[in-house]
Amino acid sequence: MTELTLAKAIGSGLRRALLDDEKVVLLGEDIGKLGGVFRVTDGLQAEFGPDRVMDTPLAESGIVGTAVGLAFRGYRPVVEIQFDGFIYPAFDQIVAQVAKLHYRTGGNVKMPITIRVPYGGGIGAVEHHSESPEAYFAHTAGLRVVTCSNPADAHHMIREAIASDDPVLFFEPKRRYWTKGDVDEDAAAVPMGTARVVTEGTDVTLVAYGPLVPTALDAAAAALDDGLSVEVIDLRSLSPIDFDTVEASVRKTGRLVITHEAAQSGGIGAEIAASITDRCFFHLEAAPARVTGFDTPYPASRLEEHFLPDLDRILDAVDRVMGRENSLTGWTA
Amino acid sequence: MTELTLAKAIGSGLRRALLDDEKVVLLGEDIGKLGGVFRVTDGLQAEFGPDRVMDTPLAESGIVGTAVGLAFRGYRPVVEIQFDGFIYPAFDQIVAQVAKLHYRTGGNVKMPITIRVPYGGGIGAVEHHSESPEAYFAHTAGLRVVTCSNPADAHHMIREAIASDDPVLFFEPKRRYWTKGDVDEDAAAVPMGTARVVTEGTDVTLVAYGPLVPTALDAAAAALDDGLSVEVIDLRSLSPIDFDTVEASVRKTGRLVITHEAAQSGGIGAEIAASITDRCFFHLEAAPARVTGFDTPYPASRLEEHFLPDLDRILDAVDRVMGRENSLTGWTA
Amino acid sequence: MSDDKQQEIDLAALEPDGLIQLVTPSGDRVANVAFDPWVADLTSEQLLAMYEDLVVVRRIDTEATALQRQGELGLWPPLLGQEAAQIGSARALRSDDFVFTSYRENAVAYCRGVSLPGLVEMWRGTALAGWNPFDVGMASPAVIIGAQTLHATGYALGCAKDGVDSVAVAYFGDGATSEGDVNEAMIFAASFHAPVIFFCQNNQWAISEPVGLQAQRSIADRAPGFGIPSLRVDGNDVLAVMAAMRCALDRARTGGGPTYIEAVTYRMGPHTTSDDPSRYVDETERAAWAAKDPIARFEAMLDGLGILDAAARASVAAKADQVARDFRSGCLGLQDPEPMSLFDNVYATPHSGLERQKSQYAAYLGTLS
Amino acid sequence: MSDDKQQEIDLAALEPDGLIQLVTPSGDRVANVAFDPWVADLTSEQLLAMYEDLVVVRRIDTEATALQRQGELGLWPPLLGQEAAQIGSARALRSDDFVFTSYRENAVAYCRGVSLPGLVEMWRGTALAGWNPFDVGMASPAVIIGAQTLHATGYALGCAKDGVDSVAVAYFGDGATSEGDVNEAMIFAASFHAPVIFFCQNNQWAISEPVGLQAQRSIADRAPGFGIPSLRVDGNDVLAVMAAMRCALDRARTGGGPTYIEAVTYRMGPHTTSDDPSRYVDETERAAWAAKDPIARFEAMLDGLGILDAAARASVAAKADQVARDFRSGCLGLQDPEPMSLFDNVYATPHSGLERQKSQYAAYLGTLS
Ligand SMILES: Cc1ncc(C[n+]2csc(CCOP(=O)(O)OP(=O)(O)O)c2C)c(N)n1
Ligand SMILES: Cc1ncc(C[n+]2csc(CCOP(=O)(O)OP(=O)(O)O)c2C)c(N)n1
Ligand SMILES: [Mg+2]
Ligand SMILES: [Mg+2]
């Protein structure tokens, strides 16, 4: 058991993967000597050499497309996209090649590619450095999409992602890179596709993932002071979504709040609200509420506190699903 | 009033736009002499010359990026993406530039770009020629997303899209290109962002768009034989979605079925189900049902009849929201 | 011929504008100091086998077009006119090389050992791909223009990592050269010194767009600026193509890195069976290229060498007939897939969301039957 | 110098490997038959003005780094070492030309007339862009590497359509040359013969990656293969840069089409204030480049010409002080935007979905206050 930051926990997971399987190779911009702009790969090129930890030319489509070829040759490439907003030049290779090749070839060609993406806002960055593009990939058949919220999960989930024979989009909550927590490298990992109930509760189910899990926990604590018992679920996987866990919770609470940074329209929250309404229609006491980024581009950093869901906005939604008097009766989809 | 196919109705809309505004230029692959692979631009280069109807090199990012520069210079570019599956190389230019430039520049730079995309399946095509990528764009702030289902709408909506000062993704239901209908070029157009109630009904609201509107109408007719009154709404706009129209309908019927070809998870149907549940929670008699493509890549054409929503699957969902005995009680999200 | 230095010089001498030709359109064998050695070992049997290949793949192509007209295929992209470019290059490969192509490389697929029905599965719509890539050393065709060039580069990088001398080959068209991916592939290949060959069939057209819209200079002129030597070869000359390809393969196998080959040829047919080239093709140009036909030329050369006697001709004709029959019956024998196979192989391991949809659809189908 | 033929020859003569230099690192003016004429008209006043520009933009840059260290800016990308490349090129432009840059072109922005606080708005986070592109003929910086090269190409195409002789300029880095977009931009520009200049500042680094990872030959060697002539210029020589830029601009204005310029320079500072170059930069290399400093060199030349007297020096120093003060106070004066402005300008015309979110958030904010 070691205390690590979330960034270092991913780094140690990458290191273990490199040690465990010689077919694992890392590709990305500035991941070598620099160790990545967030230092997640710090020291790995020094330890494993430039053949296994490769700085690539500056072209995201090129990186992912090259990874596809390596996968054809039996490798397990782990690709780093430097920031969320730079994944789009690789979109075609991801959705039309990485996602489809196993299906296209009737299962003959596996694509065990992990695409790491630091994502989300709250770090005062310039444009394109604070995006939450996860819904695009969760809507893409053939991909798995996961995200972690704490160091232990970060470590084990990156190893599970790399070990997976399917391609995995691995979203790293960049504003939580410096969060510390205990990591037991040898512990048995929770299967990657499952959600985790972080705090049990009886009144409201609050679903969060990635960077907003700590915010959700704060909200649950604040709600408790107010006499409300909120069950917080860390989704962990966005494709597949572990609806069984969410359904079980909502059947108990009858109320659902979902929060994410991505824009509301067509976000993960929409899918959860729709699916849970379908599964738990007669158990729901109120319409599921979404607390999300707005349908605007990510704004200038001096405005991001207004864009990002925070404790108050989450509590407001909790109040609303509880049917409490709340100025925001109009605060709906 | 002329009878035109949907393809020709778009062509005549493009022609009117070229006549009405000299800043309108068309760009795309094979749109000149060939008139596009679907002949939508047939005759336009001959009439307006290669300066206004331009064949471009084979590169979608290049086409859209060039259109951005033309828009900076005051032009209104209309871009043709040859098939749905070829839009992904342009994804970055669309979501990171076209969608954001107006916001980025505080409204100083307008992006009146129309991106035409023949989309959807049902034509027995090879891979990448039958996709429904609309949800990616509807989740992207800064874009408008529309789709037409009949020649009259096709004609007027393409003109509205080109006249819009915002970027518009214009999805053309390729399997309906040969559908005929009356077009009155001089009629007043219904505003682009509004939905249309195509058939009134009292029992179930059935929301469809693009290629599935005719299928939805067939289903409504079949349901009527069965004693059920189904109100069919042609959504027309996917961003924004005209929720007022859908809400008014659901308040009346209490039941909602949504159908689209795109994969279910994170599709437009999820957003509609979530938003309408939120707006009409106490009016709903059953959970909204979705009849969609599956969460698989688009399959080989000999399987597409199983992938695509059809009359029977829609009727099955109608039965389900009616609470009728139906073998598919398990048929949910 | 494996001395790196020597090759660099040979290649540089031909760069950028020489068009490598060993056989003229009228079938005369012309001497070429640099490239003759690369095909000097070919025996009469091997030359005849190449002739047979040329005839057979043209016959398959004709038959496929007929099958499409008869409604048995959804679409077909004819390779008429490009037989030499494909046979000359593909027959230079070893079985442990790996090929990443676009959709028109059906002669390449034939050479790699794809089964006859396998050639048409994706066009008939009974599957998305007609073969297991690992059985034949050839990926399923990439329909997204240019994407496969990066896959070839990555595969080549893997070969280098593995310390083997297998080579990856990317096939693509003149139109594809405009896609960002193809340029990125050159950059990655050059940067990683990957054993990959970029084989561009410049058939003068990308659907209705002439190559002049994509490139202001020869296609082959681009690669050198990226640090990749390039060869410009008469793509209708099967010997020249083979020589160029062998030269490039040798470079790749011996640590010389990537090579770019532009095979200058012509698409004699429509883009696909859905296309209407009368809207854009200039008949004079087409006629000029007809005079450079790759098969007629090779036939004339073999004739001149006295290799192609009546018996050989008859045997090739018989083989072509037989292949055409097998091809047709193989195509017609392709069965529609099982409905529930729709859900297979989306993932390598079960995905709970999709599993649910699958069981629901199975239940639904059950109610219908 | 507007005779097309003449220029083609001049350019060809320098392609591909000559490094255009008019002033040596020690400040000696060297004769260059082809490029001297392009700067022959510069008066002493103009030379002094360029000197002032160089000094002022370096001063702004230093001040911005200080502001970042003091927490007033979120981030800053220093241009230290690249002053000549930016001033020499930007001062060659007309106000009706239009510039599409990346994030490091703050000296270009200064020359275009961007206000001092405008230079830092996006780095302070008070807005996504610091100016109205149409006021200064310069787009807001593109953070997505390479994307702006296509915008410049499209804009140039528009200029050609409009029949005006304005020119579009794309500024980008050596790292950017690997992105598909930059290659596609060359293809489109060549195909449409667009009046665009591709101005690449090869500062040897893309964050921690040396240029050798992106390119195996000179960056300038790529464009000719696309049919675009290219110039390779000493990017630390402000006169040479201006000469090359004027030559390219003249070509573009007179129907000569696109030109590519590689300005060979060095990033003397970190990539941004967040970067730690000690992890990857070779100090010897950095020191060698320090000896080629663009300002010291130009100062020495002006000294040699007797133009830079004590009064001139004092006036430039005073100007730099003043600008630095104004810059700092302008920066500190930038106010946080109104919360509800978050919703402004997503669309040019109201979008019902967003309008609803806006009014709901306004109501919510109302309850908090
Ligand atoms: C990314 C992408 N854009 C557009 C298309 C449509 N398309 C199919 S083939 C083709 C022309 C390709 O020309 P070329 O590369 O010269 O190959 P050829 O067909 O001549 O063999 C186009 C534009 C596509 N398949 N993929
Ligand atoms: C598409 C994209 N990928 C990655 C990045 C991250 N990034 C920012 S600057 C940079 C290096 C750019 O190098 P270069 O083009 O040489 O410009 P320079 O910084 O040297 O001025 C990288 C990789 C980005 N901004 N956009
Ligand atoms: Mg071609
Ligand atoms: Mg650089």
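As the structure is a computational prediction, the values presented were derived from the model and not from experiment.

Cut-offs used in this document
- Residues numbered from 1 in each chain as written.
- Chains lettered and ligands numbered in written order.
- Predicted model: local features only at pLDDT ≥ 70, side-chain atom pairs only at ≥ 80, totals over all residues.
- Heavy atoms only, no water.
- Donors = N, O, S within 2.8 Å, 3.2 Å for Na, K, Ca; no water.
- Helix = DSSP H or I, 4+ residues; strand = E, 2+ residues; numbered from the N terminus.
- Near = heavy atom within 4 Å.
- Polar contact = N/O pair within 3.5 Å; in protein donor to acceptor, adjacent residues only side chain to side chain.
- Areas by Shrake-Rupley, 256 points an atom, 1.4 Å probe, with all protein chains shown as cover.
- Nonpolar A, V, L, I, M, F, W, Y, C, P; charged D, E, K, R; others polar.
- Contact = heavy atoms within 4.5 Å.
- Pairing = 2+ DSSP bridges.
- Axes fitted to C-alpha atoms, helices over the stretch in contact; angles between N-to-C directions.
- Buried < 20%, exposed > 50% of the residue type's maximum accessible area, 1.4 Å probe, protein only.
- Salt bridge = Lys/Arg side-chain N within 4 Å of Asp/Glu carboxyl O.

A. Region of the structure containing the coordination of the magnesium ion (ligand 3). Residues and elements named next belong to chain C. Taken together, the protein ligands of the magnesium ion (ligand 3) are Asp174 (OD), Asn203 (OD1) and Trp205 (O), with distances of 2.0 to 2.1 Å. The sequence motif formed by the donor residues of the magnesium ion (ligand 3) is D-x28-N-x1-W. Taken as a pair, Asp174 in the loop between β3 (168-173) and α8 (180-192) and Asn203 in the loop between β4 (196-202) and β5 (205-206) lie far apart in primary sequence, 29 residues in all.

B. Molecular detail of the site of ligand 1. Taken together, 20 residues sit near ligand 1, with Glu60 of chain B together with Tyr103, Arg104, Gly175 and Asn203 of chain C positioned nearest. Chains contributing residues to the immediate surroundings of ligand 1 are chains B and C. A distance of 2.5 Å is found between a nitrogen atom of ligand 1 and a side-chain nitrogen or oxygen belonging to Glu60 of chain B. Between ligand 1 and Arg104 of chain C, the relevant distance is 2.6 Å, taken from an oxygen atom to a side-chain nitrogen or oxygen of the residue. Protein burial of ligand 1: of its 580 Å² of free accessible surface, 96% is covered by the chains. A class-by-class count of the residues in the shell around ligand 1 yields ten nonpolar, five polar and five charged.

C. Up close: the coordination of the magnesium ion (ligand 4). Taken together, the protein donors to the magnesium ion (ligand 4) comprise Asp174 of chain D (OD), Asn203 of chain D (OD1) and Trp205 of chain D (O), at separations of 2.0 to 2.1 Å. Along the chain, the residues donating to the magnesium ion (ligand 4) are arranged with the sequence spacing D-x28-N-x1-W.

D. Region of the structure containing the environment of Ser89 of chain D. Residue and element names in this part refer to chain D. Relative to the helices and strands, Ser89 is located in helix α3 (residues 83-90). Distance in space between the C-alpha atoms of Ser89 and Glu209 is 25 Å, their sequence separation being 120 residues. With near-sequence residues (within four places) excluded, Ser89 lies in contact with Ala84, Tyr171, Phe199, Val241 and Met245. Here Gln86 takes part through its backbone oxygen, which lies 3.1 Å from a polar atom of the side chain of Ser89.

E. Representation of the sheet that holds strand β8 (residues 259-264) of chain C in the model. All names here are of chain C. Across the sheet, six strands lie side by side as β1-β7-β8-β4-β3-β2; this open sheet has parallel pairing. Every other strand in the sheet has two partners, leaving β1 (19-20) and β2 (98-100) as the edge strands with one partner each. In this sheet, β8 lies alongside strand β7 (residues 230-234) in parallel orientation, the contact comprising five bridges. Among the inter-strand pairings, Asp234 is bridged to a residue of β8, identified as Val264. Of the strands in this sheet, β3, β4 and β8 touch helix α3 (residues 83-90), which is tilted by about 165 degrees from β4.

F. Structural context of the pairing of strand β8 (residues 180-183) of chain A. All names here are of chain A. Burial along β8 is one-sided: the residues Gly181 and Val183 are buried and none of Lys180 and Asp182 is. Sheet topology note: the strand β1 (residues 2-5)/β8 ladder contains four bridges and is antiparallel. Across the sheet, Thr5 pairs through a bridge with Lys180, a residue of β8.

G. Local environment of the side chain of Gln86 of chain D. Residue and element names in this part refer to chain D. When you line up the elements, Gln86 lands in helix α3. For Gln86, the side chain forms a polar contact with the main-chain nitrogen of Ala107, separated by 3.1 Å. Apart from residues lying up to four places away in sequence, Gln86 is in contact with Leu79, Arg104, Glu105, Asn106, Ala107, Val108, Tyr171 and Gln201.

H. Fine view of the environment of Val25 of chain A. In this structure, Val25 of chain A sits in strand β2 (residues 24-28). Sequence separation of Val25 of chain A and Phe282 of chain A is 257 residues, and the distance between their C-alpha atoms is 49 Å. The residues contacting Val25 of chain A, other than those within four sequence positions of it, are Asp51, Arg52, Leu70, Tyr75, Arg76, Pro77 and Val78 of chain A together with Lys161 of chain C.

I. Representation of the pattern of salt bridges in the model. Residue and element names in this part refer to chain B. Throughout the structure, instances matching the rule amount to 92 salt bridges over all chains. Arg251 serves as the salt-bridge partner of Glu247, at 2.9 Å between the closest nitrogen and oxygen. Pair noted here: Glu247 and Arg251 are both in helix α9 (residues 243-253), with a separation of four residues, about one helical turn. The buried category is assigned to Glu247, whose relative accessible area is 14%. Of the residues examined, Arg251 reaches a relative accessible area of 39% and is grouped as partly exposed.

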